[in-house]
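Each chain, letter by letter, is given below.
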Amino acid sequence: MGNFTKPLDINDNSTVIAALKDSDVQAFEEVYRYYFRGLCAFCSQYVSQIESEEIVQDTMMWLWENRSSLIAELTLKTLLFTIVKNKALNRITHHEIKRKVHQEIADKYEKEFISPDFYLENELFRLYDKALAKLPVEFREAYELNRKYHLTHKEIALKLKVSPQTVNYRIGQALKILRVELKDYLPFLIFIYYIRSL
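Criteria and thresholds
- Residues numbered from 1 in each chain as written.
- Predicted model: local features only at pLDDT ≥ 70, side-chain atom pairs only at ≥ 80, totals over all residues.
- Heavy atoms only, no water.
- Phe/Tyr/Trp six-rings, centres within 6.5 Å; stacked < 30°, edge-to-face > 60°.
- Helix = DSSP H or I, 4+ residues; strand = E, 2+ residues; numbered from the N terminus.
- Buried < 20%, exposed > 50% of the residue type's maximum accessible area, 1.4 Å probe, protein only.
- Axes fitted to C-alpha atoms, helices over the stretch in contact; angles between N-to-C directions.
- Parallel < 35°, antiparallel > 145°, perpendicular 65-115°, else oblique.
- Left-handed = near helix turned anticlockwise from the far one by under 90°.
- Contact = heavy atoms within 4.5 Å.

Engineer: Quick one: what's the story with the packing of aromatic side chains, residue by residue and with numbers?
Structural biologist: Counted by the stated rule, this structure contains seven aromatic pairs. With 5.3 Å between their ring centres and 10° between their planes, Tyr32 and Phe36 make a pair best called stacked. You can see Tyr32 and its partner Phe36 sitting in helix α2 (residues 25-43), four residues apart, about one turn around the helix. Residue Phe36 is classed as buried on the basis of its relative accessible area, which comes to 18%. Measuring from centroid to centroid gives 6.1 Å for Phe139 and Tyr169, while their planes differ by 80°, and the two rings are edge-to-face. Of this pair, Phe139 sits in helix α7 (residues 137-147) while Tyr169 sits in helix α9 (residues 164-182), and the two are 30 residues apart along the sequence. When its relative accessible area of 48% is taken as the criterion, Tyr169 is described as partly exposed.

Engineer: Go over the packing of α2 against helix α3 (residues 49-65) with me, naming the residues and quoting the values.
Structural biologist: Packing of α2 against α3 leaves a shortest axis separation of 9 Å and a crossing angle of 150°. With respect to α3, the element α2 is oriented roughly antiparallel. Of the two possible hands of crossing, α2 and α3 adopt the one that is right-handed. Taken together, the residues of α3 that come into contact with α2 (itself represented by Val25, Phe28, Val31, Tyr32, Tyr35, Phe36, Leu39, Cys40 and Cys43) are Gln49, Ser52, Glu53, Ile55, Val56, Gln57, Met60, Leu63 and Trp64.

Engineer: I'd like a rundown of the environment of Gln49, residues and numbers included.
Structural biologist: Secondary-structure assignment places Gln49 in helix α3. A residue is classified by how much of its surface remains accessible, and Gln49, at 44% relative accessible area, is partly exposed. Aside from chain neighbours lying at most four places away, what touches Gln49 is Cys40 and Ser44.

Shown next as structure tokens:
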């Protein structure tokens, strides 16, 4: 590992690059301290302060992991600021995509969430009822006592005159069947079912 005896001139690009390529930890720490605040301030123009610090830390980690491939002719300052900017823009793009997807889902189900009564008539609720009807009677009974009437497993066991373990098994089997029948619709439909039981 390299050991530069004289103080590192952070503005001497070729010397700094050489020190990093030589795996000089002290040189890397100096680069980190020198650029960190400035990079965070620059990055915060695009994303939040917390995200800025994460991006800058990731960039510095990249710098250390790729130190052997650094080119002396490439200005370190330009490299760091370019990487940080690209990472920030990628983060914005990712957030924008997520926001658009969430908005599309909200728009699609806007009517359903405006009026709870609409749930009783929509196709998704009919799918849920149809899947529920396919459950064996003992599975459906235990499941509805738990989900609709909010009874504990112990209370259901007393009501049905079976053991709590049997109740647990029946509810577990009911959920497995519903997951198969409804697949990706299950979380949304359970929410609908909860609204109906209020």
